[in-house]
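Residues per chain, in single letters:
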Amino acid sequence: SNPRILEAVNRFGLAVFLSSNILTGLVNLTVDTLHSSDGKAVFIMSSYLALVCGFALVLDTLFDREKVD
């Protein structure tokens, strides 16, 4: 079986793609990424990855097809 994050991104590909593009735009508008230190860049990329993956997992949890009541 595939890892849950891969299943979530595959299942909600469009929503994950759109949210990651919006997040990219927000980062580009608020942070001077070209002149950022290496540490700041790693922090931004790690936060970005965590938010996008977290969003996919939240969607997967909210719209779980195999809910047992």
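Student: Would you mind going over the pattern of salt bridges with me for this structure?
Tutor: Summed over all chains, the structure comprises two salt bridges. Between Arg 4 and Asp 60 there is a salt bridge, and its shortest N-O distance comes to 3.2 Å. Taken together, the positions of Arg 4 in helix α1 (residues 4-11) and Asp 60 in helix α3 (residues 38-62) put the pair 56 residues apart, joining distant regions of the chain. Judged by relative accessible area, Arg 4 falls into the partly exposed class, the value being 44%. Among the ionic pairs, Asp 60 bridges to Arg 11, the shortest N-O distance being 3.2 Å. With Asp 60 in helix α3 and Arg 11 in helix α1, the pair connects residues that are 49 residues apart, well separated along the chain. In the salt-bridge network here, residues are joined through shared partners; they are Arg 4, Arg 11 and Asp 60.

Student: Which parts of the structure should I look at to understand the nonpolar core?
Tutor: Among soluble globular proteins, nonpolar side chains are generally buried collectively. The biggest cluster of nonpolar side chains holds seven residues, and these are Ala 8, Phe 12, Val 16, Leu 23, Val 52, Ala 56 and Leu 59. Sort the elements by how many residues they give to this core and α3 lands first, with three residues. Beyond its immediate chain neighbours, meaning those up to four positions away, Ala 8 contacts Ala 56, Leu 57 and Asp 60.

Student: How do you make sense of the side chain of Ser 36 when you look at a structure like this?
Tutor: Note on placement: Ser 36 falls in the loop between α2 (13-30) and α3. Within the structure, the side chain of Ser 36 is placed 2.8 Å from the backbone oxygen of Asp 32, a separation counted as a polar contact.

Student: Could you clarify how one ought to interpret the packing of α1 against α3 in this entry?
Tutor: Axis angle and axis distance: for two packed helices, these are the angle between their axes and the distance between the axes, and together they describe the pair. At a minimum axis separation of 9 Å, α1 and α3 run at an interaxial angle of 80 degrees. By the criterion of interaxial angle, the relationship of α1 to α3 is roughly perpendicular. Of α3, the residues touching α1 (which contributes Arg 4, Ile 5, Ala 8, Val 9 and Arg 11) are Cys 53, Ala 56, Leu 57, Asp 60 and Thr 61. A per-class count over the contact of α1 with α3 returns six nonpolar, one polar and three charged.

Cut-offs and rules
Residues numbered from 1 in each chain as written. Predicted model: local features only at pLDDT ≥ 70, side-chain atom pairs only at ≥ 80, totals over all residues. Heavy atoms only, no water. Salt bridge = Lys/Arg side-chain N within 4 Å of Asp/Glu carboxyl O. Helix = DSSP H or I, 4+ residues; strand = E, 2+ residues; numbered from the N terminus. Buried < 20%, exposed > 50% of the residue type's maximum accessible area, 1.4 Å probe, protein only. Core = buried A, V, L, I, M, F, W, Y, C linked by side-chain atoms within 4.5 Å. Contact = heavy atoms within 4.5 Å. Polar contact = N/O pair within 3.5 Å; in protein donor to acceptor, adjacent residues only side chain to side chain. Axes fitted to C-alpha atoms, helices over the stretch in contact; angles between N-to-C directions. Parallel < 35°, antiparallel > 145°, perpendicular 65-115°, else oblique. Nonpolar A, V, L, I, M, F, W, Y, C, P; charged D, E, K, R; others polar.

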